[in-house]
Amino acid sequence: MGFQGNVLVLLFGSLGIYLTFTLVKVLYKLWWTPIRMQNFMASQGIRGPSYRFIHGSTREVTAMKKEAMAKPMTLSHNIFPKVLPQIYTWINTYGRNYLSWYGPKAHFVVSESELVKEILNNKDRSYPKGDVPAYFRLLLGNGITTSEGEKWTKHRKLSTYAFNAENLKGMIPEMIASVEMMLERWKQNEGREIEVYDELRLLTSEIISRTAFGSSYLEGKNIFDMLTKLSLLINRNLYKLRLPGISKFWRTRDEIESENLVKGIRNSVMEIIKKREEKVKTGEAEGFGNDFLGVLLNSYHDADEKKRISIEDVVDECKTFYIAGQESTNSLLSWTILLLAIHTDWQEEARKEVLKIFGQQKPNLDGIAKLKIVRKL
């Protein structure tokens, strides 16, 4: 055999070793490790749905969600089976604490109240935050909901300062003005159906834009619309697994659209930031302000490097507050109005209390603190 033949033998031999090593590594990660983990947890009395090669429990979750959403729902508080059918089913099947799988990654689900308290207290930092899925990272970036340690502490202090009692008191007139505008629209639609959820989405969007960022409704609406689209894409792809690294060579339509939305959101937030900075530079404003954006920008421009945050931190915190503040408040208000519509006795009692405390005056912080019935809703 000549020199070239020896080279070919060596090449094919090396390739064979490499492929064998890669196959063993893949099987170790996708089969051996999950099975070993499943058996170990079973020996501790923790059961759950069986691990499925590569997919884990994701296909079962997708099927359960599809089936749950296809069924009509009566007016009931029992929304658990509808919203999280997989957790509802597996708690009833395997107990309050069980093991499930996101691909080859084990998820230990805990629902016993005492254990949940221990985990949330996390005094000795024994329970670090898990890795955030790539799609969620697009939505929230590296803001307060995903960060840990010193960074989380620093960002938490900024949020607490921005929304202290005194600052919240100053936001009430803006909130009242936004509510009055909404009610005026409703009067013009008297006798016709109103999609309350959409109306409250517009209301919360406007209030957040005006009170937290000092921006116009249209600027806020643009950001909220993009965040809503991005959230829908995340929900659609949450349980679709992708092979690591494949996005470098081939991206789905949803991935491309998600990246475009992230760029659009960043650009819109940066425009609001630059407008605020420009007002300070030109002398139109003495400082960046005390609203949420102002607090973030004061920290971004802080002379003390230890207190300073990056521009990406500012953008990520804005994204987090836009999506978390709007979505949670909108859902809460919509659900409250639905319950009041069902339970007219509570509706009447709440109305009497509001009229007793405020009469025909606009709400104020001191009066709001006296609303006992309303606070129970």
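Our subject in this report is the structure included herewith. (Residues numbered from 1 in each chain as written. Predicted model: local features only at pLDDT ≥ 70, side-chain atom pairs only at ≥ 80, totals over all residues. Heavy atoms only, no water.)

1. Structural notes on helix α10 (residues 217-237)
1) Next: Compared with an ideal rise of 1.5 Å per residue, which puts 21 residues at 30 Å, α10 spans 30 Å between its outermost C-alpha atoms and is within 8% of the ideal.
2) Next: Those residues of α10 lying buried are Gly220, Ile223, Phe224, Met226, Leu227, Leu230, Leu233, Ile234 and Asn237. (Helix = DSSP H or I, 4+ residues; strand = E, 2+ residues; numbered from the N terminus. Expected span 1.5 Å × (residues − 1). Buried < 20%, exposed > 50% of the residue type's maximum accessible area, 1.4 Å probe, protein only.)

2. Observations concerning unusual backbone geometry
1) Next: For isoleucine 54, which is not glycine, the phi dihedral falls at a positive 70°.
2) Next: In this structure, isoleucine 54 sits in the loop between α1 (3-43) and α2 (58-70).
3) Next: Residue isoleucine 54 is classed as partly exposed on the basis of its relative accessible area of 32%.

3. Focus on the environment of lysine 240
1) Next: Among the structural elements, lysine 240 can be located in the loop between α10 and α11 (253-282).
2) Next: Sequence-wise, lysine 240 and valine 132 are 108 residues apart; in three dimensions their C-alpha atoms are separated by 15 Å.

4. Structural notes on a nonpolar patch on the surface
1) Next: On the surface, Met73, Leu75, Ile79, Phe80, Val83, Leu84, Tyr88, Trp335, Leu338 and Ile342 cluster together into a nonpolar patch covering about 830 Å² of accessible area.
2) Next: When residues of the nonpolar patch are traced back to their parent elements, those giving at least two are α3 (80-83) and α13 (311-342).
3) Next: In terms of residues, the nonpolar patch owes the most to one element, α13, which gives three residues.
4) Next: Here phenylalanine 80 lies in helix α3. (Patch = residues over 30% accessible without salt bridge, like charges linked within 9 Å, V, L, I, M, F, W, Y side chains within 5 Å. Areas by Shrake-Rupley, 256 points an atom, 1.4 Å probe, with all protein chains shown as cover. Salt bridge = Lys/Arg side-chain N within 4 Å of Asp/Glu carboxyl O.)

5. A few points about helix α8 (residues 165-188)
1) Next: For α8, built from 24 residues, the straight-helix expectation of 34 Å at 1.5 Å per residue is met to within 8% by its first-to-last C-alpha distance of 35 Å.
2) Next: The largest bend in α8 amounts to roughly 35° and is located at methionine 171, with the proline proline 173 lying one to four residues further along.
3) Next: Where α8 is buried, its residues contact α7 (149-162), α9 (196-212) and α15 (365-369).
4) Next: With a side-chain oxygen positioned 3.2 Å from the backbone nitrogen of glutamate 166, the residue opening α8 is asparagine 164. (Bend = angle between axes of the 7 residues up to and from the residue. Contact = heavy atoms within 4.5 Å. Polar contact = N/O pair within 3.5 Å; in protein donor to acceptor, adjacent residues only side chain to side chain.)

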